[in-house]
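Tertiary structure, described
Single-letter residue listing:
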Amino acid sequence: MECESCNQSDCGSCSQSPEQKAQAEQIKNLKNFLDGVKHKLVVMSGKGGVGKSTVAVNIALELSKQGYKVGLLDVDLHGPSVAGMLGLVGFPLNSIGKKIVPYQYNENLKAVTVQGLLEDPDSALIWRGPLKIGVIKQFMSDVDWGPLDYLIIDCPPGTGDEPLTIAQEIKDAKAIVVTTPQKVALADVRKSINFCNQLSMKVLGIVENMSGFVCPNCNTVHNIFKTGGGEKLAEEFKLPLLGKLPIDPQIVDSEDDGDPLKNLSDHTRKALTDLTKKVIEYTI
Ligand code: ADP
C-alpha cells in the first residue's frame, strides 16, 4: 500500500503518531550513542554514603588524565553529588538544537547530571519511576557526548529504577561495586551483586573504600571500619578486588571545594592510580 505522505509503498513510519516517531528516534539515538562507547561501567553500592560517587568521579578523572575520552553520567537523580564534587553547581546545562551539551570538565572528560537542569540547586526531585526512566534514557540519547572510550555511570544506592534502567538499556554494561569494610555494608553489597547476577550484568570487581586511615601525625594505619571485608567478599563471589581506598580527610575537603584531586595524600593518589590501572586492565 502506498503511503499518503511520502508516496512510498509500506514506508512504515509516516503512518506513525508523533509520539511513536519520537520514541523510534530516541531508540535510534540511544543505539547510536551506545555503539560509540567502548566501555560502559556502572558504579553501584548497596548503601548510601560508602563513597560510590567519590569512586565514580575519581576513576573518571584518572582515566581522562591518561588520555581516554570519558563521559561521567550521574543518574543518582534524588541525590546527585557529581556536580558538587566537580565544582559545577550553579552552571546550567545548555542545549544546541535538540541535543544537550554536556559539561566539558577537562579536554577528555564530559559530565552530565540532573543538577544541571535544576533552577534551584537545593530543590528536591519528586519523580516516580516512568519519569526517572525517561530522563535516564534522554541523558544517553539526547546528549551530544561524541564517541567515548569510557562511560562511567554513578547510580544511586540500592537496586531501584535507576540501576534497573541502566542494566536493561545497556546490555554490555559492567558493574563496579563499592563497599566499606564493615559487615553491615557488606550485607547490602551482596544484594547489589545478586541484582547484577539476576540481570546478567557482569561485575567488573569490588572497591573497598574507607579502608584504613593513615594518621598524618604518626603515619600509622588505623582500621576505623575494620579492613579486608571487600577482599573477603571478592573471594566469596570469585570477583576481582579492584582496589582499596583509605579514609583521607582531604577527600572530603577537596570534594566539598569542587576540586577532587586537590591536596590528596600520596597514599590516596597511589591508591586511586592503582585502582584505575586495574579498571583499564580488566576492560581492555
Ligand atoms: P555515596 O555516593 O556512596 O553516597 P559519596 O562518594 O558521596 O558516597 O561519599 C560520602 C561522603 O564521604 C562524602 O563527603 C565524601 O567526600 C566522603 N568520602 C568518600 N570516600 C572517602 C574516603 N576514602 N575518605 C574520606 N572521605 C570519603
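Residues numbered from 1 in each chain as written. Predicted model: local features only at pLDDT ≥ 70, side-chain atom pairs only at ≥ 80, totals over all residues. Heavy atoms only, no water.

**Considerations on the overall build of the protein**
The helix and strand tally for the protein stands at 9 helices and 12 strands. Taken against the 2.2 N^0.38 rule, which gives 19 Å for 284 residues, the C-alpha radius of gyration of the protein at 20 Å falls within 12% of a compact globule. Here the C-alpha coordinates of the protein stretch approximately 80 × 40 × 35 Å along the principal axes. For the protein, with 284 residues in total, the buried portion stands at 49%. For the protein, the exposed area adds up to about 14,100 Å²; of that, 51% sits on carbon and sulfur atoms. Across the protein, the centroid of the 30 positively charged side chains sits 7 Å from that of the 35 negatively charged ones. (Helix = DSSP H or I, 4+ residues; strand = E, 2+ residues; numbered from the N terminus. Rg over C-alpha atoms; globule rule 2.2 N^0.38 Å. Buried < 20%, exposed > 50% of the residue type's maximum accessible area, 1.4 Å probe, protein only. Areas by Shrake-Rupley, 256 points an atom, 1.4 Å probe, with all protein chains shown as cover. Lys, Arg positive; Asp, Glu negative; His and termini not counted. Charge placed at Lys NZ, Arg CZ, Asp CG, Glu CD.)

**Section: the site of the ligand**
Neighbouring residues of the ligand: 16 residues in total, closest Gly-49, Ser-53, Thr-54, Pro-246 and Glu-255. Measuring from an oxygen atom of the ligand, one finds a side-chain N or O atom of Glu-255 at 2.6 Å. Burial of the ligand by the protein chains amounts to 82% of its free accessible area of 560 Å². Listing elements by their share of the shell around the ligand, those giving two or more residues are helix H2 (52-65) and helix H8 (249-256). (Near = heavy atom within 4 Å. Polar contact = N/O pair within 3.5 Å; in protein donor to acceptor, adjacent residues only side chain to side chain.)

**Digging into the sheet that holds strand E7 (residues 148-154)**
With respect to topology, 8 strands assemble into an open sheet ordered E5-E6-E2-E7-E1-E8-E9-E12, the strand pairing being mixed. The open sheet is flanked by strand E5 (103-106) and strand E12 (241-244), the only strands paired with a single partner. Going across the sheet, the axis of each strand differs from the next one's by a mean of 25°, ignoring polarity. Relative to strand E6 (residues 109-113), strand E2 (residues 70-74) runs parallel, the two being bridged by 5 bridges. Bridging across to E6, Gly-71 finds its partner in Lys-110. On top of the sheet, helix H9 (residues 266-283) reaches strand E1 (37-45), E7, strand E8 (174-179), strand E9 (202-208) and E12; it is set at about 170° to E12, its chief contact. (Pairing = 2+ DSSP bridges. Axes fitted to C-alpha atoms, helices over the stretch in contact; angles between N-to-C directions. Contact = heavy atoms within 4.5 Å.)

**What to know about the environment of Ala-185**
If you trace the backbone, Ala-185 turns up in helix H6 (residues 183-198). Here the alpha-carbon distance between Ala-185 and Ser-45, two residues 140 residues apart in the chain, equals 8.9 Å. Setting aside residues up to four positions removed in sequence, Ala-185 forms contacts with Lys-47, Thr-179 and Thr-180.

**Side note on the side chain of Ser-45**
Counting through the fold element by element, Ser-45 comes out in strand E1. For Ser-45, a relative accessible area of 0% corresponds to the buried category. Separated by 2.6 Å, the side chain of Ser-45 and the backbone oxygen of Lys-47 make a polar contact. Contacts of Ser-45, omitting those with residues within four sequence positions, involve Val-50, Lys-52, Pro-157, Gly-158, Val-178 and Ser-192.

**Comments concerning H9**
With 18 residues, H9 extends 26 Å from end C-alpha to end C-alpha; this agrees with the ideal 26 Å at 1.5 Å per step. Within the span of H9, buried status applies to Thr-268, Ala-271, Leu-272, Leu-275, Thr-276, Val-279, Ile-280 and Thr-283. (Expected span 1.5 Å × (residues − 1).)

**Focus on the packing of H2 against H9**
Relative to each other, H2 and H9 sit at 75°, their axes nearing to 9 Å. By the angle between their directions, the pair H2 and H9 is classed as roughly perpendicular. When H2 is examined against H9, the residues Val-55, Asn-58, Ile-59, Glu-62 and Leu-63 are found in contact with a partner set consisting of Leu-272, Thr-273, Leu-275, Thr-276, Val-279 and Ile-280. Class assignment for the residues of the contact of H2 with H9 results in 7 nonpolar, 3 polar and 1 charged. (Parallel < 35°, antiparallel > 145°, perpendicular 65-115°, else oblique. Nonpolar A, V, L, I, M, F, W, Y, C, P; charged D, E, K, R; others polar.)

**Focus on the nonpolar core**
Counting residues in each nonpolar core, the largest one holds 76 residues, and the members touching the most others are Leu-72 and Ile-152. Examining the composition of this core, we find that 7 residues originate from one element, H2, more than from any other. Those residues within four positions of Ile-152 in sequence are excluded, and the remaining contacts are Leu-41, Val-43, Ala-56, Ile-59, Ala-60, Leu-63, Val-70, Gly-71, Leu-72 and Leu-73. (Core = buried A, V, L, I, M, F, W, Y, C linked by side-chain atoms within 4.5 Å.)

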